[in-house]
Amino acid sequence: MDKIKSDIYVILEGAIRSAIEAKELPISEVPEIPFSPTKTPEHGDIATPIALGLAKQAKLAPRAIAETIVKYVNPDKHPSIRKIEIAGPGFINVYLSNEWLFDTIREIIAKKDNYGSIDKGKGKRIQIEFVSANPTGPLNIVSGRAAAVGDTLVNLLNAIGFDAIREYYVNDAGGQVDRLGESIDIRYRQALGETDLEIPDGGYQGEYLREFAESLVEEGKKHLNLSQEERIELFRDKGIKHLLDQQKATLERFGVYFDVWTSEKAIRASGKPDQIIQLFREKNYLYEAEGATWFRMTDFGGDKDCVVIRSNGEYTYFVPDAAYHRDKYERGFNKVIDLLGPDHQGHVVRLKNFVKALGLDDDWLEVDIIQQVNLVDSDGNRRDMSKRQGQFLTLDALIDELSDAVGEQFAVDVARYFFLMRANNTHLDFNLELAVTQANENPVFYIQYAHARCCSIFQQADEQKIQLKPIDVINLEMLSEPSEHEIIRKLADFPQNVLFSAEEREAHRIPHYLHELAGLFHPYYNQHRVLGTSNMELTQARLILVQCVQTVLANGLKLLGISAPQSM
RNA sequence: GCGCCUAUAGCUCAAUUGGAUAGAGCAACGGACUUCUAAUCCGUAGGUUGCAGGUUCGACUCCUGCUAGGCGUGCCA
C-alpha cells in the first residue's frame, strides 16, 4: 500500500506540475497532496481532496481544478491505474489495477510474521514506564488496563522499528509505604489479641493485610519485642516485598513482563536526589517558606509552586521522581513515555516542568493518562474504587472470574481485549457480569474464531491431500470476487494501522482493525467455498488468501498479547 | 474558584486527526446448519454527534461561551 501510494503521489504531483506549467492552474508551487480514506469501494482505492484544498488559492471551482489535474494524468502510461475519476465536490478517486492487490498478497506471503513491521524507528530507544503501582496492595483493574496498554504500545513501537522497553518504577520509599508498615503493625497486633486498635485515615484497610499479618503471626510473637518504630520498619519492608512479589506474579499471569524494575528506595540511596536539589539551588529554582523548601513551578508555567523538602526534612516524591527521570535520560533513551493513572493527572504538568528544569527537551518526555475503569453492576450503577478504603476489584479477581467461565488462557485474552478496545483517554465501563455471561459473544472470540477457521481450512486441506503450491505458480487472477478484493484491501491497510497506532499511542485501533477484518472474513467464509470448488486453480488462489488472513490476524493478535488459537 | 478528561443509536463505543451518505458490537425482531467449525452468516430497525454561536468550499473533529458527569488542585504517591 505504501509503495503504490507513493507511486500515485508522484503521478499526481507530476500532473499538477504540468498543469501549473501550462498556466492552467494558477498556483505558485506544487502543494503537499493529502490522501483521504476511501470508506467504500465506490470511492476507488486511493482518493485525494487536493482540488478542494486548492480552490481558494487558485480561485477556481474544486471540480474544475480536479478536471485539470486529471487531464494531465495519462492512464496509458501508468498500468497501475485502472481508472481515475472526479466525484462529489471534487475528490479525485483513483482505481487501481488488480495487480497491486496481488502484490499485497505476495508481500504478506513473503514477510509472514513480519508483515506489518517496518524499520522507521531504527536506532532509536524508547522507554515506556507503566503500571508503577504503589507496593501497598494488589494490582487493581486500572493497573490492569495500564498493563495491557503499555505492553501493547511497546509491541507496537518495536514493530515499527524502535528499540522499546518496559519499565516499572517501584515506589518503595516515602509516606505511602510508611502507612503500609503502620497498617500491617495494627493488623499484626490485632491478630495477637489487641482490641482497641484501628487503621487510621490514610492507612490501608484491605483484607489482604489481615491475611499477611496472619503469616507474620505464624513467625511468632517475637516481633513484639521490637520497639514499635523498629517493628513498623520491619513490617514495611516485609510488606513491600510480599506485595511486590504478588504484583509481579499477577503481571506475569496477565502476560506482561517488565524489562527493568527501578526502586525508588535505590534512587534515593544513590544520592541522585541530592544532586537534583543542589542543581536546583544553583539555578535558583528553590526558596524557603513556612519551614519547607519550595520549587518555583510558576516560573515554568505551573499554576502553583510546590514543596520539594517537607518541614520535617524529608523529600517529597517530586525529588526522587525528577532524579529518576534524569536517570532515564542518562541511560540514553531518545524518548520516554510515562503512562499514569487518572489519579496522577495533576502530576503531568509538574513532571514535565521538572524535566524542563533539568534542561531536557520538552518533547523528550511524553505523559499519557490511562483513564479510569468503572466497575458497572448489572443494574448499571457504578461502584467507587478506592484502594485506601479497601473497596476495589483486583486484576487477579477479575481474571479468576473470567477464568471460571472461559478458562485461564481466554480469560487473559478477554481481559486484555476489553482493556485495549477503548481509547486511553476515555473512561472505561467494565461490566464484569457481561464479560463473563456473554463470553461467547465477545468480540475477541469473533476474531479468534476467524483465525481458527483459517487454520481449520488448512487442516481439512491436509486431510484431503491438497498441497498448497508456491505462490509464483498460483493464478491470483482467480480472486475475482468483490468480497475477496475487499478483504485484500483491508489486509493492505494493516501496516498503516500499526504505524498509526504506534505513533499516536492509540492501541485501541488494532482491536478495531482486527474486528473489521474478521467481519469481512466470516461472511466470505459463509458465502464461498475454499475447498471443494471443483476448480483446483481457484482453490489454490483462495488458500493463499486464507493464509494471508490468518497471518494478519495472528500478527495483530500477537501485538495485543492475545492468543491466536488453531481451533476452538 | 482554577486545571485536565468526557458527552455520538436504547446500552458500550468507533470515526485514519478538517473530507464524500457519522459506523460497529450488544440488546430487539425475522430468516439460514446434509456445507472448509452456527463461537458464524443474511435481513429489519435505530441519529438535530450535550446546548448556543463562530472559523471555511466542507466541522463529531478547530475556536468562544454555556450545561452535565469524572478526576485533580502548596508539605500523600
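All residue numbers here refer to positions counted from 1 along the written sequence of the relevant chain. Here every chain gets a letter starting at A, and every ligand a number starting at 1, in the order they are written. Two thresholds apply to this predicted model, a pLDDT of at least 70 for residue-level local features and 80 or more for giving and counting side-chain atom pairs, whereas whole-chain, interface and lining totals are computed over all residues. Heavy atoms throughout the structure, all of them, feed into the side-chain values; hydrogens and water do not.

Caption draft 1: Up close: the overall build of chain A. In this description a helix means any DSSP run of H or I spanning at least four residues, a strand means any run of E spanning at least two, and both kinds are numbered starting from the N terminus. When helices and strands are tallied, chain A shows 19 helices and 14 strands. When the backbone C-alpha atoms are referred to their principal axes, chain A occupies close to 90 × 65 × 45 Å. Counting every position in chain A, which comprises 568 residues, the buried fraction comes to 52%. The long-range fraction of contacts in chain A, counting pairs at least 24 apart against all pairs at least 6 apart in sequence, stands at 73%. Throughout, the Shrake-Rupley method with a 1.4 Å probe supplies accessible areas, and for residues the shown protein chains are the sole cover considered. Approximately 26500 Å² of chain A is accessible, and the part contributed by carbon and sulfur atoms is 47%. We score Asp and Glu as negative and Lys and Arg as positive, and we do not count His or the chain ends. A charge is said to be at NZ when it belongs to Lys, at CZ for Arg, at CG for Asp and at CD for Glu. Side chains of chain A carry 64 positive and 85 negative charges; the gap between the two charge centres is 4 Å. Accessible area is worked out with a 1.4 Å probe on protein chains only. A residue is then buried under 20% of its type maximum, exposed over 50%, and partly exposed in between. Between two residues, a contact is recorded if the distance between any of their heavy atoms is within 4.5 Å.

Caption draft 2: The sheet that holds strand E8 (residues 292-295), seen in detail. As summarised here, the arrangement of the 3 strands in space is E7-E8-E9, forming an open sheet in which the pairing is antiparallel. Among the strands making up the open sheet, the edge pair consists of strand E7 (286-289) and strand E9 (306-309). Neighbouring strand axes in the sheet, compared pairwise and without regard to direction, differ in orientation by 45° on average. Two strands form a pair only when DSSP identifies at least two bridges running between them. Alignment of E8 against E9, held across 3 bridges, turns out to be antiparallel. Among the inter-strand pairings, Thr293 is bridged to a residue of E9, identified as Ile309. Where helices are involved, their axes are fitted lines through C-alpha atoms of the stretch in contact, as for all axes, and angles between N-to-C directions lie from 0 to 180°.

Caption draft 3: Spatial organisation of the sheet that holds strand E2 (residues 81-87). The 3 strands lie next to each other as E1-E3-E2, forming an open sheet whose pairing is antiparallel. Because the sheet does not close on itself, it has two edges, and the strands there are strand E1 (46-48) and E2. Direction aside, the axes of adjacent strands within the sheet are offset by 15° on average. Where E2 meets strand E3 (residues 91-96), 6 bridges bridge the pair, whose relative direction is antiparallel. From the neighbouring strand, Glu85 faces E3, where its bridge partner is Asn93. This element, helix H3 (residues 62-71), spans E2 and E3 of the sheet and lies at about 160° to E2.

Caption draft 4: Here's a closer look at the nonpolar core. We define the nonpolar core as a collection of buried residues of types Ala, Val, Leu, Ile, Met, Phe, Trp, Tyr and Cys that are connected through side-chain atoms lying within 4.5 Å of one another. If you look at the biggest cluster of nonpolar residues, it comprises 127 residues, and the most contacted ones within it are Phe254 and Phe419. Per-element tally for this core: the top contributor is helix H19 (residues 536-560), with 12 residues. Note that the domain bounds reflect an automated or database-derived domain assignment. Domain assignment of the residues forming this core places at least three in each of domain 1 (2-96) and domain 2 (102-118 + 442-560). Setting aside anything within four residues of it in sequence, one finds Phe254 in contact with Gly144, Ala147, Ala148, Leu395, Ile399, Val412, Ala415, Arg416 and Phe419. Counting 35 residues, the second largest nonpolar core, distinct from the first, contains Tyr169, Tyr285, Val319 and Tyr324.

Caption draft 5: Geometry of the confidence of the model for chain A. The predictor attaches a confidence to each residue, called pLDDT, with possible values from 0 through 100. Confidence in the prediction of chain A, expressed as mean pLDDT, is 89, and 95% of residues score 70 or more. Under a pLDDT of 50 for its full length, residues 384-391 has, in the predicted model, 23 contacts with residues more than four places off or in other chains.

Caption draft 6: Structural view of the pairing of strand E5 (residues 163-170). Of all 8 residues that make up E5, 7 are buried, and the element is covered over most of its length. Pairing analysis gives 5 bridges linking strand E4 (residues 125-129) to E5, with the strands arranged parallel. Its bridge partner being in E5, Gln127 is matched across the sheet by Ile165. Crossover connection from E4 via helix H5 (residues 141-159) to parallel E5: handedness right-handed. As defined by bridge partners, E5 adjoins strand E6 (residues 260-263) across 4 bridges and the pair is classed as parallel. Bridged to Tyr168 within E6 is Trp261. For a crossover, the right-handed case is the one in which the path from the first strand over the helix to the second runs clockwise, viewed with the strands pointing away from the viewer.

Caption draft 7: Seen up close, the side chain of Thr539. On the secondary structure map, Thr539 appears in helix H19. In terms of polar contacts, Thr539 uses its side chain to reach the side chain of Thr533, at 2.7 Å. Setting aside residues up to four positions removed in sequence, Thr539 forms contacts with Val530, Leu531, Gly532 and Thr533. Counting of polar contacts relies on pairs of N or O atoms within 3.5 Å, with two restrictions inside protein: one atom must be capable of donating a hydrogen and the other of accepting it, and residues adjacent in sequence are counted only when both atoms are side-chain atoms.

Caption draft 8: Highlighting unusual backbone geometry. Backbone geometry places Lys59, a non-glycine residue, at a positive phi of 55°. Locating Lys59 in the fold gives a position in the loop between helix H2 (50-58) and H3. The class of Lys59 is exposed, set by a relative accessible area of 74%. Phi at Glu290 is positive, roughly 50°, even though this residue is not glycine. Classification of Glu290 as exposed rests on a relative accessible area of 73%.

Caption draft 9: Seen up close, the pattern of salt bridges. Here, a salt bridge means any side-chain nitrogen of Lys or Arg that lies within 4 Å of a carboxyl oxygen of Asp or Glu. This model, assessed by the stated rule, comprises 36 salt bridges. Residues Arg268 and Glu264 are paired through a salt bridge, measuring 2.8 Å at the closest nitrogen-oxygen approach. Of this pair, Arg268 and Glu264 both sit in helix H9 (residues 264-269), separated by 4 residues, roughly a single helical turn. For the salt bridge of Arg331 with Asp327, the shortest nitrogen-to-oxygen distance reads 3.1 Å. If you follow the salt bridges from partner to partner, you end up with Glu167, Lys272, Asp327 and Arg331 in one network.

Caption draft 10: Here's a closer look at the environment of Phe254. Position of Phe254 among the secondary structure elements: in the loop between helix H8 (228-253) and E6. When its relative accessible area of 0% is taken as the criterion, Phe254 is described as buried. Spatially, the C-alpha atoms of Phe254 and Leu395 are 8.7 Å apart, while their sequence positions differ by 141 residues.

Caption draft 11: Fine view of the packing of aromatic side chains. Note on aromatic contacts: the rings of Phe and Tyr and the six-membered ring of Trp form a pair at centre separations within 6.5 Å, being stacked when their planes are under 30 degrees apart, edge-to-face when over 60 apart, and tilted otherwise. In the structure shown here, the tally under the stated rule is 23 aromatic pairs. One aromatic cluster in this structure is built from Phe280, Tyr285, Phe295, Phe300, Tyr317, Phe318 and Phe354. Just above the ring of Tyr95 sits the side chain of Lys83; from NZ or CZ to the centre is 4.4 Å. Ring-over charges, as used throughout, are those where CZ of Arg or NZ of Lys falls within 6 Å of the ring centre and within 35 degrees of the ring normal. One residue, Arg125, lies across the ring of Phe333, its end atom 4.5 Å from the ring centre.

Caption draft 12: Summary view of the packing of H5 against helix H14 (residues 408-420). Direction vectors running N to C along H5 and H14 enclose 85°, while the axes themselves pass 9 Å from each other. What the angle tells us is that H5 and H14 run roughly perpendicular. Within the contact between the two elements, H5 uses Ile141, Gly144, Arg145, Ala148, Val149, Asp151 and Thr152 and H14 uses Arg416, Phe419 and Leu420. Roughly parallel covers angles under 35 degrees, roughly antiparallel covers those over 145, roughly perpendicular covers 65 to 115, and oblique covers all other angles.

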